[in-house]
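What follows is the residue order along each chain.
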Amino acid sequence: MNWEAFLAPYVQVVEELKVKLKGMRAQFEYESRHSPIELVTGRVKPVPSILEKAHRKEIPMDSLEEEVQDIAGVRVVCQFVDDIHSIIEMLHNRNDFFIVEEKDYISEKKDSGYRSYHIIIKYPVETIHGEKQVTAEIQIRTMAMNFWATNEHSLNYKYEGQIPTKVKSRLKRAAEAAFKLDEEMSKIKDEVQEAQRLFYKNKNKH
């Protein structure tokens, strides 16, 4: 398979979504309003990871485009749990892509303790052969959820998916601690947002 040609549309999707989501963040700043978007990152899944997932889930090579939904992945990180719902609403109101599926791992966390909100989209990309609908995944999570998920990902890599029981139980406790942190921060959200508004107003004066 010509991987460069296969992945090119996915690279384009990630770059375009990053620009659009960062643009949304900037608009909130221009209006001196709290931005629900704190950080936007994106990546195209490396070829070995695509092959490993295909092997694990018994996906034939000619079905990769349909069945591997996270080849193109964009992550939106926010400060508060409420921000996640604001971002979901904004994405629902956009008409430059089509939402295929939503996975709420915040209300229904994974057994590992993982929390995040996933939106699977079909994004139109203009190619030399015409328009192509490319599947991509947008993950939305708080900074606390992201901190936990990044560390869990590293441990999964280290232990090749077989994290020792002791470490697993510590991870679960850490996930609960991260969620408690989110809950506590939500209680002082108005104070934090007021402080940020003042900061942006003063910054824009200079």
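As the structure is a prediction and not an experimental result, all values here were calculated from the model.

What follows covers the packing of helix H5 (residues 143–158) against helix H6 (residues 165–187). Packed helices, taken two at a time, are described by the angle their axes make and the gap between the axes. At their nearest, the axes of H5 and H6 sit 9 Å apart, and the two run at 165° to each other. Taken as axis vectors, H5 and H6 run roughly antiparallel relative to one another. As H5 packs across H6, the resulting crossing turns out to be left-handed. Between H5, through Ala144, Met145, Trp148, Glu152 and Leu155, and H6, the contact on the second element is made entirely by Val167, Leu171, Ala174, Ala175, Ala178, Leu181 and Asp182. Looking at the contact of H5 with H6 residue by residue, the class counts come to ten nonpolar, no polar and two charged.

Here the focus is the packing of aromatic side chains. The tally for this structure, following the rule as stated, stands at three aromatic pairs. On the basis of an interplanar angle of 90° and a centroid distance of 5.6 Å, the ring pair of Trp3 and Phe6 is categorised as edge-to-face. Pair noted here: Trp3 and Phe6 are both in helix H1 (residues 3–30), with a separation of three residues, about one helical turn. Each member of the pair Trp3 and Phe6 is classed as buried. Ring geometry for Tyr105 and Tyr114: centres 6.0 Å apart, planes at 65°, overall edge-to-face. Tyr114 sits in the buried class, given a relative accessible area of 9%.

Rules and cut-offs
- Residues numbered from 1 in each chain as written.
- Predicted model: local features only at pLDDT ≥ 70, side-chain atom pairs only at ≥ 80, totals over all residues.
- Heavy atoms only, no water.
- Axes fitted to C-alpha atoms, helices over the stretch in contact; angles between N-to-C directions.
- Helix = DSSP H or I, 4+ residues; strand = E, 2+ residues; numbered from the N terminus.
- Parallel < 35°, antiparallel > 145°, perpendicular 65-115°, else oblique.
- Left-handed = near helix turned anticlockwise from the far one by under 90°.
- Contact = heavy atoms within 4.5 Å.
- Nonpolar A, V, L, I, M, F, W, Y, C, P; charged D, E, K, R; others polar.
- Phe/Tyr/Trp six-rings, centres within 6.5 Å; stacked < 30°, edge-to-face > 60°.
- Buried < 20%, exposed > 50% of the residue type's maximum accessible area, 1.4 Å probe, protein only.

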